[in-house]
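# Summary of the model geometry
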Amino acid sequence: MVTAPPLIAGLELGGTKCVAILATGPDDVRARETVHTTDPVTTLAAIEAVLGGWQFDAIGIASFGPLELNPAMLDFGSITATTKPGWTGTDLVNRLKARFARPLAFQTDVNGAAIAEGRWGAAQGMTTHAYITIGTGVGVGLVAGGRPVQGVAHGEAGHMRVPRLAGDTYPGWCRFHGDCVEGLISGPALAERFGYPGQELPDDGPQWDLFVHDLGGLLHNLVATAAPERIAIGGGVIAARDYLFPKLRTRLAESLGGYGSLIAYADELDRRLGPPGLGTMAGPLGAIAMGLEALGA
């Protein structure tokens, strides 16, 4: 007797939009709905309306953050102090568990996408890999030993500070750190910095030189810290700009400077650094991966 695979309701919560997806995996997506991210009350009500019309075995959440992921904390399952207005303190896990009474697993959007890349995408068979998203914010999900890296809290490498390009005086968009990486290259930062949204910047515009420089600093620090077997970069800002990857590889190789054990790494950047194997589905499938984890599958 063949047992049907579990059906997961996945929620990828983003700063601009939320995606609800009903699937067993990348080859079996039954439904997909998009909800614009506005205030928590309106957004979560719309999401619950979508899930209320579906039958499923578990819920997986991959959300923008920061998040409280420690089950011992009173605010476990909530969004903590975030740059997204109105969302600080929003309880996701308890609300959805009470509403649907299904097994539920919860992670950051970037950790979820990284786990999906390891399960189904370009990082299959790898134990140490990373996923970077560049959209409304900048996030980094780092997996080591097959699990997301986490200390007292989950990492916030998108908020690291990097050396600025000479003459660049933009103060940064992030209301917490100013000119951290998110404050320099996220979608809202690009819009404020250059006067129009990143998706409207010309492909050959000099603005991308600043983008490559600033993202290159993050990549240098990530490689110097963990040397991931693969780094996938996705998100709305870079999704349709594959021509940036050769520039990023060149910048990263120059930055690593022929140092020690990283010489071989720099020579392999064509396969180490690129877009996610799951493409724009990496984020939604991260939520499906979390739902499967809720069931131990």
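Keep in mind the model is a prediction, meaning the values are calculated, not measured.

To continue, consider the overall build of the chain. When helices and strands are tallied, the chain shows 10 helices and 10 strands. The C-alpha radius of gyration computed for the chain amounts to 19 Å, which stays within 12% of the reference 19 Å derived for 297 residues, consistent with globular compactness. Taken along the three principal axes of its C-alpha coordinates, the chain extends 55 × 45 × 35 Å. Looking at the chain as a whole, 52% of its 297 residues qualify as buried. Of the contacts formed within the chain by residues at least 6 apart in sequence, a portion of 62% connects residues at least 24 apart. Of the roughly 12900 Å² that the chain leaves accessible, carbon and sulfur atoms contribute 54%. Side-chain charges in the chain split into 21 positive and 29 negative, and the spacing between the mean points of these groups amounts to 3 Å.

Bringing the nonpolar core into the picture now. Among the nonpolar cores identified, the biggest contains 38 residues, and Phe211, Ile231 and Ile233 are the most heavily contacted of them. Contributing elements (two or more residues each) for this core: strand E6 (129-134), strand E7 (138-144), helix H4 (181-185), helix H5 (187-194), helix H6 (207-226), strand E9 (230-234), helix H7 (244-256) and helix H8 (262-267). Examining the composition of this core, we find that 9 residues originate from one element, H6, more than from any other. Each residue touching Phe211, except ones within four places of it in the same chain, is listed here: Ile134, Ile185, Leu190, Val237, Ile238 and Leu244. Ranked by size, the runner-up nonpolar core spans 27 residues in total, among them Leu7, Ala9, Val35 and Ile47.

The full count for this structure, using the stated rule, is 12 salt bridges. Across the pair Glu268 and Arg271 runs a salt bridge, and its minimum N-O distance is 3.5 Å. For Glu268, a relative accessible area of 26% puts it in the partly exposed group. Salt bridges sharing common partners tie together Arg161, Arg164, Asp168, Asp179, Arg193 and Asp214.

One open sheet holds the 5 strands; their spatial order is E8-E7-E6-E9-E10, and the pairing between them is mixed. Each edge of the sheet is formed by a strand with only one pairing partner; in this case those strands are strand E8 (147-148) and strand E10 (273-274). Across 6 bridges, E6 lies against E7 in antiparallel orientation. Residue Tyr131 lies in a different strand from E7, and its bridge partner there is Gly141.

What follows deals with the sheet that holds strand E5 (residues 104-108). Strand order in the open sheet made by the 5 strands is E3-E2-E1-E4-E5, with mixed pairing throughout. Two strands bound the open sheet, and with one partner strand each, they are strand E3 (28-36) and E5. With direction set aside, neighbouring strand axes in the sheet form an average angle of 15°. Inspection of the sheet shows strand E1 (residues 8-13) paired to strand E4 (residues 58-63) by 6 bridges, in the parallel sense. Each bridged residue has a counterpart across the sheet, and for Ile8 the counterpart in E4 is Ala58. Strands E1, E4 and E5 of the sheet are contacted by helix H2 (residues 93-100), whose axis makes an angle of about 155° with E5. Sheet contacts for helix H10 (residues 282-294): E1, strand E2 (17-25), E3, E4 and E5; angle to E4, the most-contacted strand, approximately 135°.

Let's shift gears to the pairing of E7. Burial runs high along E7: 6 of the 7 residues are buried. In this structure, the hairpin formed by E6 and E7 is closed by a connection of 3 residues. Where E7 meets E8, 2 bridges bridge the pair, whose relative direction is antiparallel. Along E8, the bridge assignment pairs Val143 with Pro148. Once E7 ends, the chain turns through 2 residues before running back antiparallel as E8, passing Gly145 with a positive phi of about 65°.

Rules behind the numbers
- Residues numbered from 1 in each chain as written.
- Predicted model: local features only at pLDDT ≥ 70, side-chain atom pairs only at ≥ 80, totals over all residues.
- Heavy atoms only, no water.
- Helix = DSSP H or I, 4+ residues; strand = E, 2+ residues; numbered from the N terminus.
- Rg over C-alpha atoms; globule rule 2.2 N^0.38 Å.
- Buried < 20%, exposed > 50% of the residue type's maximum accessible area, 1.4 Å probe, protein only.
- Contact = heavy atoms within 4.5 Å.
- Areas by Shrake-Rupley, 256 points an atom, 1.4 Å probe, with all protein chains shown as cover.
- Lys, Arg positive; Asp, Glu negative; His and termini not counted.
- Charge placed at Lys NZ, Arg CZ, Asp CG, Glu CD.
- Core = buried A, V, L, I, M, F, W, Y, C linked by side-chain atoms within 4.5 Å.
- Salt bridge = Lys/Arg side-chain N within 4 Å of Asp/Glu carboxyl O.
- Pairing = 2+ DSSP bridges.
- Axes fitted to C-alpha atoms, helices over the stretch in contact; angles between N-to-C directions.

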